[in-house]
2 protein chains.
Amino acid sequence: MNIDALGLVPVTATGEVPLYRQVKRELLRSIETGRCGPGKVLPNETVLAAALEVSVGTLRRATDELVHEHVLVRRQGKGTTVATHTHDRFLFHFFHVEPRPDPLDSDRMPVSHYPVVECMGFDKDKATLIEAAVLWIRAGDPVYRIDNRLKLDGHLVAHDHIVISSVLFKGLTEKRLLDRPSTIYALYQSEFGITVLRAQERARAAGTTRHTARMLGLPVGTPAIEVHRVALTFGDKPVEYRVSTVNTQHHDYVSLLSKRL
Amino acid sequence: MNIDALGLVPVTATGEVPLYRQVKRELLRSIETGRCGPGKVLPNETVLAAALEVSVGTLRRATDELVHEHVLVRRQGKGTTVATHTHDRFLFHFFHVEPRPDPLDSDRMPVSHYPVVECMGFDKDKATLIEAAVLWIRAGDPVYRIDNRLKLDGHLVAHDHIVISSVLFKGLTEKRLLDRPSTIYALYQSEFGITVLRAQERARAAGTTRHTARMLGLPVGTPAIEVHRVALTFGDKPVEYRVSTVNTQHHDYVSLLSKRL
DNA sequence: CCCAATTTGTTCGTATGTATA
DNA sequence: TTATACATACGAACAAATTGG
């Protein structure tokens, strides 16, 4: 990766915002504007620090935070890269369903295999009021609706209803969706240049509807967890609204702090 | 806080474990063994670094991590203290229920008032197999059982069933429990010297039972979220097992990452 | 209100260790 | 083996917040 292509501007002491915060913003800006896409290897620390006119220590403090936020990935001897959703780490960062362990034998945690996703529907539609409010678009704006079913260890564990703006994801087709080699967030990133950085999730209990019950192979009205997720990119801009109905007969919804921060 | 009272031993370069990790362990050891209890102000960085025979920068790196893990609290100009559960921050660190916002008007987040806790039961009993496995004790060992009901903004939002070892919390009485000025974790800390550092939570959906339905003022069988929490202290030792039944009619269970890491 | 002492926060620069290709 | 890049460690200087006089 060429240092000039990044378009970095030297930062200056303001007495208000610390230098390392400004460095962080500069790096984020370079990534957001696509001057330095996912997977790219950044110039080494000495070069970056020189370009930004700060010491290496200050640069490191900025990148430290970006690494913690999963924006960058650093590896000793190799270099620093912009994180991609193909890194395994990310998959579980946004997937919070795990097989329920046997409490009497908690030593052996059940191994969670990769979820198998089955697409049950793909449509173009108009956004409802709520969807529009969540996605920062107008009611009636065109959206894609995706219905997925997730299997884990042979069990039907979740049904996802995904809503995304068809302006943001122009040209998405069912075929491209089905042909994706990795997760849907990796698809967002590689095909549409949209990187999901974090997600807000709120969970509530709800009985399964006729639709979700059929999808999960459960009787109608079985208590299930309904997770409402808003996926956010840079600047906390919402890019996806997803409602997951989780079958908790044999699996749990796991809050992230449990995963050892 | 006297530097000698901390019982810190100088760390040495091993070539295996980084110095700052050893410093961290030393500080943790001093806190765990009670040589430096919650709320205590540590000696300043220069003194600490000298006692541990490392540079200030190395000491800071260790304390940085402890601050991130909420073990220490640093404030410019004041000093570094061992975290207590009286800090407001902690209350919400372990309380994950929020009023559901209006999705059409998400600007104005509903203000979450402090939950009002009502004790509905306090008993001495024997641990079940599962409780024993979770708490690292033997089945039949004596435990306290506490039944609490939580009100938020006038709504009954949760019923907690709390199980703790009565060996660990020897001398706990209903009166001392009811008279606590702050949260129950602050009580654990101030009265029994047990600091809850983090918690593992797993959630599942379940219909309310006769008992929980009555507690929450809901019809029997209403879908609710059942949160199983194990609270951990130093060394990830379990100290409390709690099953919360959350009424999600007007409130959500919020995963922690949503709270802006 | 301001001053001075104390303590953490930020920034710099350098040297050396360690993983990678 | 060598070169590269990140990881760790040191020490110094100044800025900013807090407290007490």
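Quick caveat: nothing in here was measured; it's all calculated off a predicted structure.

**Topic: the environment of B:Ala158**
All names here are of chain B.
Piece 1. Relative to the assigned elements, alanine 158 resides in strand E6 (residues 155–165).
Piece 2. Owing to a relative accessible area of 4%, alanine 158 belongs among the buried residues under this scheme.
Piece 3. Alanine 158 sits 66 residues away from alanine 224 along the chain, and the two C-alpha atoms are 9.5 Å apart.
Piece 4. Excluding its chain neighbours within four sequence positions, the residues that come into contact with alanine 158 are Asn148, Arg149, Leu150, Leu216, Thr245 and Val246.

**Digging into the sheet that holds strand E5 (residues 142–152) of chain B**
Piece 1. With respect to topology, eight strands assemble into an open sheet ordered E3(A)-E10(A)-E7(B)-E8(B)-E9(B)-E6(B)-E5(B)-E4(B), the strand pairing being antiparallel. The open sheet has two free edges, formed respectively by strand E3 (97–99) of chain A together with strand E4 (116–126) of chain B, since each of these has just one partner strand. Taking the axes of each pair of neighbouring strands and ignoring which way they run, one obtains an average angle of 25 degrees across the sheet.
Piece 2. Relative to E6(B), E5(B) runs antiparallel, the two sharing ten bridges. The residue bridging B:Tyr144 from the neighbouring strand is B:Ile164, located in E6(B).

**Focus on the sheet that holds strand E7 (residues 198–207) of chain A**
Piece 1. In spatial order, the strands read E4(A)-E5(A)-E6(A)-E9(A)-E8(A)-E7(A)-E10(B)-E3(B); together these eight strands make up an open sheet with antiparallel pairing. Because the sheet does not close on itself, it has two edges, and the strands there are strand E4 (116–126) of chain A together with strand E3 (97–99) of chain B. On average, each strand axis in the sheet is tilted by 25 degrees relative to the strand beside it, whichever way the strands run.
Piece 2. Pairing of E7(A) with strand E8 (residues 223–232) of chain A involves ten bridges; the strand directions are antiparallel. Each bridged residue has a counterpart across the sheet, and for A:Ala205 the counterpart in E8(A) is A:Ile225.

**Let's talk about the interface of chain B and chain A**
Piece 1. Facing 35 residues of chain B, the contacting portion of chain A comprises 35 residues.
Piece 2. Interface area for chain B against chain A, summed over the two sides, is near 3100 Å², with a carbon-plus-sulfur share of 55%.
Piece 3. Linking chain B to chain A there are six salt bridges.
Piece 4. The tally of links between chain B and chain A comes to twelve residue pairs in polar contact (both at pLDDT 80 or more).
Piece 5. Those elements that place two or more of their residues in the side of chain B that touches chain A are E3, helix H5 (129–135), strand E7 (198–207), strand E8 (223–232) and strand E10 (251–254) of chain B.
Piece 6. Here the element with the most residues in the side of chain B that touches chain A is E7(B); it accounts for ten residues.
Piece 7. Across the side of chain B that touches chain A, the residue classes tally to 20 nonpolar, six polar and nine charged.
Piece 8. With two bridges connecting them, E7(A) and E10(B) associate as antiparallel partners. Looking across to E10(B), one finds that A:Arg202 is bridged to B:Val254.

**Examining the side chain of A:Ser244**
All names here are of chain A.
Piece 1. Here serine 244 shows up in strand E9 (residues 238–246).
Piece 2. Classification of serine 244 as buried rests on a relative accessible area of 10%.
Piece 3. Engagement of the side chain of serine 244 in a polar contact is seen with the side chain of aspartate 160, the distance being 2.7 Å.
Piece 4. Once you skip the residues sitting within four places of it in the chain, serine 244 turns out to touch His159, Asp160, Ile225, Glu226 and Val227.

**Some points on the pattern of salt bridges**
Piece 1. One pass over the structure, following the stated rule, counts 38 salt bridges over all chains.
Piece 2. Here B:Arg202 ties to A:Asp252 by a salt bridge, and the two come within 2.7 Å at their closest N and O atoms. With B:Arg202 in strand E7 and A:Asp252 in strand E10 (residues 251–254), this pair bridges two chains.
Piece 3. Between B:Arg242 and B:Asp160 there is a salt bridge, with the nearest N and O atoms lying 3.0 Å from each other. Placement of B:Arg242 in strand E9 (residues 238–246) and of B:Asp160 in strand E6 is noted, with a sequence separation of 82 residues between them.
Piece 4. By relative accessible area, which is 8% here, B:Arg242 ends up buried.
Piece 5. You can call B:Asp160 buried: its relative accessible area is 5%.
Piece 6. Linked by salt bridges that have partners in common, A:Glu98, A:Arg100, A:Asp252, B:Arg202 and B:Arg204 make up one network.

**Comments concerning the protein's contact with DNA strand D**
Piece 1. Lining the immediate surroundings of DNA strand D are 20 residues, of which A:Arg60, B:Leu19, B:Thr58, B:Arg61 and B:Gln76 lie closest.
Piece 2. Each atom of DNA strand D within 4 Å of the protein belongs either to a base or to sugar and phosphate, the latter forming 81%.
Piece 3. One of the backbone nitrogen or oxygen atoms of A:Glu45 is found 2.9 Å away from a phosphate oxygen of DNA strand D.
Piece 4. In the model, a phosphate oxygen of DNA strand D is placed 2.7 Å from a nitrogen or oxygen of the B:Arg61 side chain.

**Focus: helix H7 (residues 184–192) of chain A**
Residues and elements named next belong to chain A.
Piece 1. Of all nine residues in H7, seven are buried; the element is thus mostly enclosed.
Piece 2. Where H7 is concerned, the buried positions are Ile184, Tyr185, Ala186, Leu187, Tyr188, Gln189 and Phe192.
Piece 3. Immediately beyond the C-terminal end of H7, within one or two residues, lies glycine 193, with a positive phi of roughly 65 degrees.

**Notes on the protein's contact with DNA strand C**
Piece 1. Near DNA strand C you find 21 residues, and of these A:Leu19, A:Thr58, A:Arg61, A:Gln76 and B:Arg60 are the closest.
Piece 2. Within the backbone of B:Glu45, a nitrogen or oxygen atom sits 3.0 Å from a phosphate oxygen of DNA strand C.
Piece 3. Of the residues contributing to the surface near DNA strand C, the split by class is four nonpolar, ten polar and seven charged.

**Considerations on the domain arrangement of chain A**
Residue and element names in this part refer to chain A.
Piece 1. One can read the domain layout of chain A as domain 1 (3–82) and domain 2 (87–253).
Piece 2. At the junction of the two partners, domain 1 supplies seven residues and domain 2 supplies eight residues.
Piece 3. Taking both sides of the interface into account, the surface hidden between domain 1 and domain 2 amounts to around 690 Å²; carbon and sulfur atoms contribute 73%.
Piece 4. By the criterion of area lost to domain 2, the three top residues of domain 1 are Glu32, Pro38 and His70, representing 62% of everything that side buries.
Piece 5. Between the two partners, domain 1 and domain 2, sit zero salt bridges.
Piece 6. Ranked by residues supplied to the side of domain 1 that touches domain 2, first place goes to helix H1 (residues 19–32) with three residues.
Piece 7. Residues that form the side of domain 1 that touches domain 2 fall into these classes: five nonpolar, one polar and one charged.

Criteria and cut-off values
Residues numbered from 1 in each chain as written. Chains lettered and ligands numbered in written order. Predicted model: local features only at pLDDT ≥ 70, side-chain atom pairs only at ≥ 80, totals over all residues. Heavy atoms only, no water. Helix = DSSP H or I, 4+ residues; strand = E, 2+ residues; numbered from the N terminus. Buried < 20%, exposed > 50% of the residue type's maximum accessible area, 1.4 Å probe, protein only. Contact = heavy atoms within 4.5 Å. Pairing = 2+ DSSP bridges. Axes fitted to C-alpha atoms, helices over the stretch in contact; angles between N-to-C directions. Buried area = accessible area lost by both parts, 1.4 Å probe. Salt bridge = Lys/Arg side-chain N within 4 Å of Asp/Glu carboxyl O. Polar contact = N/O pair within 3.5 Å; in protein donor to acceptor, adjacent residues only side chain to side chain. Nonpolar A, V, L, I, M, F, W, Y, C, P; charged D, E, K, R; others polar. Near = heavy atom within 4 Å. Domains from an automatic or database assignment.

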